[in-house]
Amino acid sequence: MINLNSKYKTVINFLKSEAPFEPEFSIILGSGLGDFAEQIHTHKSISTSDIPGYPASTVIGHKGKIHFAEYENKKLILFQGRVHFYEGYDINECVIPVFISYKLGADKLLLTNAAGGINKNFSPGDLMLITSFNGILIKKELTDLIGLTNPTAKNNFLVLPHPKLNSVIKLSAQKEKIDLKEGVYFYTKGPTYETPAEIRFIEKFGADAVGMSTVHEAVYAAYLGMKVSAISCITNFAAGISDQKLSHSEVTETADRVKDTFAKLVKSVIKSV
Ligand code: HPA
């Protein structure tokens, strides 16, 4: 288990000296959803490339910015862009936005991502509240991350997503008349999209949507004692669910198409937490 306090001491000290306030609510914006940061009042924006010791993201559509913003008197920290395991980073580097949020004072975290839809009732453009995470493919990494390496440990992993925060999200969707789907998010390591056979395989194990992020962030946040929930934007049919070939541009185009609905939902959530 790596001590993130010492690993990211410089990053945290730098951000503490730059932060205009102590944020209470953190939001990590997934592929194509970063636009949200431009829709609300921002006090300060910092490029992650200007932060000494911050791992750089290489994915198109991930901006790599941290925003200190405010909406409805709520103090927010927004992450535009994340780093992924498939980019070659260690899992303890992938959770840096969670660690920063926690160290700066946020006790609530909303994770968002782009995901492929497996559930036949989902279409590209739908938003899905994550009801449970399947991180079976990175269980060892997750366990190492939070230091539960003792095989006799009775800790049956962590309670997540946070039930109350999920209720707030559902109520917000109702209030805004948004048809919010619900389902299980299945993590794959990537970097390539899945094959149709892989999707059929994970579908049998109860997955409603598939993606390459979020699970480690949720586990780490819950481990730190944060209230964490997550919303997927279904950007495409997962491989084999339709005949269409997958592409990253489809992912960002769909996310862009639903950005207003996404923003409406997130704003309503911020108001109610
Ligand atoms: N698979 C994995 N990750 C994804 C997908 C997908 O179909 N869409 C967006 N992120």
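Throughout what follows, the structure given in this document is the object of discussion.

Cut-off values and rules
Within each chain, residue numbers correspond to sequence positions counted from 1 in written order. Only residues with pLDDT of at least 70 get local features here, since the model is predicted, and only at 80 or more are side-chain atom pairs given and counted; chain-wide, interface and lining totals rely on the full set of residues. No hydrogens and no water enter the side-chain calculation; it runs on all heavy atoms of the structure. Only one rule defines a salt bridge in this text: a Lys or Arg side-chain nitrogen within 4 Å of an Asp or Glu carboxyl oxygen. The way it works is that DSSP assigns letters per residue, a run of H or I at least four long becomes a helix, a run of E at least two long becomes a strand, and they are numbered from the N terminus. Categorising residues by exposure relies on relative accessible area from a 1.4 Å probe, with only protein chains included: less than 20% of the type maximum marks a residue as buried, more than 50% marks it as exposed, and the intermediate range marks it as partly exposed. Summary of the distance rule: residues count as near a molecule or strand when at least one heavy atom falls within 4 Å of that molecule or strand. Polar contact is defined as a pair of N or O atoms within 3.5 Å, subject to the rule that within protein one atom must be able to donate a hydrogen and the other to accept it, and that residues adjacent in sequence are counted only when both atoms are side-chain atoms. Calculation of accessible area relied on Shrake-Rupley with a 1.4 Å probe; when residues are assessed, cover is drawn exclusively from the protein chains displayed. Method remark: on a 1 Å grid restricted to protein atoms, a set of points is classed as a cavity if a 1.4 Å probe fits but cannot get out and as a pocket if it is open with protein on both sides within 12 Å along at least five of seven lines; lining residues have an atom within 4 Å of a point. Think of it this way: a molecule belongs to a cavity or pocket when more than half its atoms come within 2 Å of the grid points there. Residues are grouped as follows: Ala, Val, Leu, Ile, Met, Phe, Trp, Tyr, Cys and Pro are nonpolar; Asp, Glu, Lys and Arg are charged; all remaining types, including Gly, are polar. Axes, fitted as lines to C-alpha atoms, cover a helix only where it is in contact. Angles between the N-to-C directions of the axes lie from 0 to 180 degrees. The scheme is simple: roughly parallel for angles under 35 degrees, roughly antiparallel for over 145, roughly perpendicular for 65 to 115, oblique for anything else. Each helix crossing is assigned a hand: it is left-handed if the near helix lies turned anticlockwise from the far helix by less than a right angle, otherwise right-handed if that turn is clockwise. Contact between two residues is taken to exist if any of their heavy atoms lie within 4.5 Å; hydrogens are not considered. Grid points are joined across faces, edges and corners, and a volume is the space filled by probe spheres set on the points. As used here, the term nonpolar core means buried Ala, Val, Leu, Ile, Met, Phe, Trp, Tyr and Cys residues forming a set that is joined through side-chain atoms within 4.5 Å. Aromatic pairing here means that ring centres of Phe, Tyr or Trp (its six-membered ring) are within 6.5 Å. Orientation follows from the plane angle: under 30 degrees is stacked, over 60 is edge-to-face, and everything else is tilted. Only when the NZ of Lys or the CZ of Arg is both within 6 Å of the ring centre and within 35 degrees of the ring normal is a charge said to sit over the ring.

Regarding the pattern of salt bridges
And then number 1: Applying the stated criterion to the full structure yields 13 salt bridges.
And then number 2: Ionic pairing is found between Glu 182 and Lys 170, a salt bridge with its closest N-O pair at 3.8 Å. In this pair, Glu 182 is assigned in strand S7 (residues 180-187) and Lys 170 in helix H6 (residues 163-175), connecting sequence segments twelve residues apart.
And then number 3: Judged by its relative accessible area of 38%, Glu 182 falls in the partly exposed class.
And then number 4: Here the salt bridges do not stand alone but share partners, grouping Asp 35, Asp 256 and Lys 259 into one network.

Brief notes about the site of the ligand
And then number 1: In the neighbourhood of the ligand, the contacting residues comprise Ala 114, Ala 115, Gly 116, Tyr 193, Glu 194, Val 210, Gly 211, Met 212, Thr 235, Asn 236, Leu 246 and Val 251.
And then number 2: One nitrogen or oxygen atom from the main chain of Ala 114 is found 3.3 Å from a nitrogen atom belonging to the ligand.
And then number 3: The side chain of Asn 236 places a nitrogen or oxygen atom 2.7 Å from a nitrogen atom of the ligand.
And then number 4: A total of 260 Å² of accessible area belongs to the ligand in isolation, and the protein chains cover 95% of it.
And then number 5: When atoms are counted within 2 Å of each cavity's grid points, the one that captures over half of the ligand is the largest pocket.
And then number 6: Taken together, the elements giving at least two residues each to the shell around the ligand come down to strand S5 (108-117), strand S8 (209-211) and strand S9 (227-237).
And then number 7: Sort the elements by how many residues they give to the shell around the ligand and S5 lands first, with three residues.
And then number 8: Its residues assigned to classes, the shell around the ligand shows seven nonpolar, four polar and one charged.

Some thoughts on helix H4 (residues 96-104)
And then number 1: Most of H4 is tucked away: seven of the nine residues are buried.
And then number 2: Every buried residue of H4 is accounted for by Ile 96, Pro 97, Val 98, Phe 99, Ile 100, Ser 101 and Leu 104.
And then number 3: Count one or two residues on from H4 and you reach Gly 105, which has phi positive near 120°.

Notes on the packing of H4 against helix H8 (residues 215-224)
And then number 1: Between H4 and H8, whose axes approach to 9 Å, the crossing angle comes to 25°. Classified by the interaxial angle, the pair formed by H4 and H8 is roughly parallel. You can see that H4 and H8 cross each other, and the crossing is right-handed. Across from Val 98, Phe 99 and Tyr 102 in H4, the residues of H8 making contact are Glu 217, Tyr 220, Ala 221 and Leu 224.
And then number 2: For the contact of H4 with H8, the class distribution of residues is six nonpolar, no polar and one charged.

Some thoughts on empty space enclosed by the protein
And then number 1: Counting across every chain of the model gives one cavity of 30 Å³ or more.
And then number 2: Here the residues of the lining of the largest cavity are counted per class, giving two nonpolar, three polar and two charged.

A look at the nonpolar core
And then number 1: In terms of nonpolar packing, the biggest core is built from 52 residues, with Ile 66, Ile 100 and Tyr 220 touching the most fellow members.
And then number 2: Looking at this core element by element, the count peaks at seven residues for H8.
And then number 3: Those residues within four positions of Ile 100 in sequence are excluded, and the remaining contacts are Val 11, Ile 12, Leu 15, Tyr 54, Ile 66, Ile 77 and Phe 79.
And then number 4: Counting residues in hydrophobic clusters, the runner-up holds 27 residues, among them Ala 37, Leu 129, Ile 169 and Val 258.

Some thoughts on the packing of aromatic side chains
And then number 1: A full pass over the atoms with the stated rule returns five aromatic pairs.
And then number 2: Aromatic pair Phe 36 and Phe 262: ring centres 6.3 Å apart, planes at 80°, arrangement edge-to-face. Residue Phe 36 is found in the loop between strand S1 (25-29) and strand S2 (41-47), and its partner Phe 262 is found in helix H10 (residues 259-272); the two are separated by 226 residues along the sequence. Comparing Phe 36 with Phe 262, the two get one shared label, buried.
And then number 3: Sitting over the ring of Phe 21, Lys 75 keeps its end group 5.7 Å from the ring centre.

Quick notes on the layout of surface pockets
And then number 1: Approximately 340 Å³ is the volume found for the largest pocket.
And then number 2: Surrounding the largest pocket, 25 residues form its lining, Ser 31, Tyr 86, Ala 114, Tyr 193 and Met 212 being those nearest its centre.
And then number 3: Contributing elements (two or more residues each) for the lining of the largest pocket: S5, S8, S9 and helix H9 (248-257).
And then number 4: Looking at the lining of the largest pocket, the element that brings in the most residues is S5, giving four residues.
And then number 5: In the lining of the largest pocket, the residues fall into eleven nonpolar, twelve polar and two charged.

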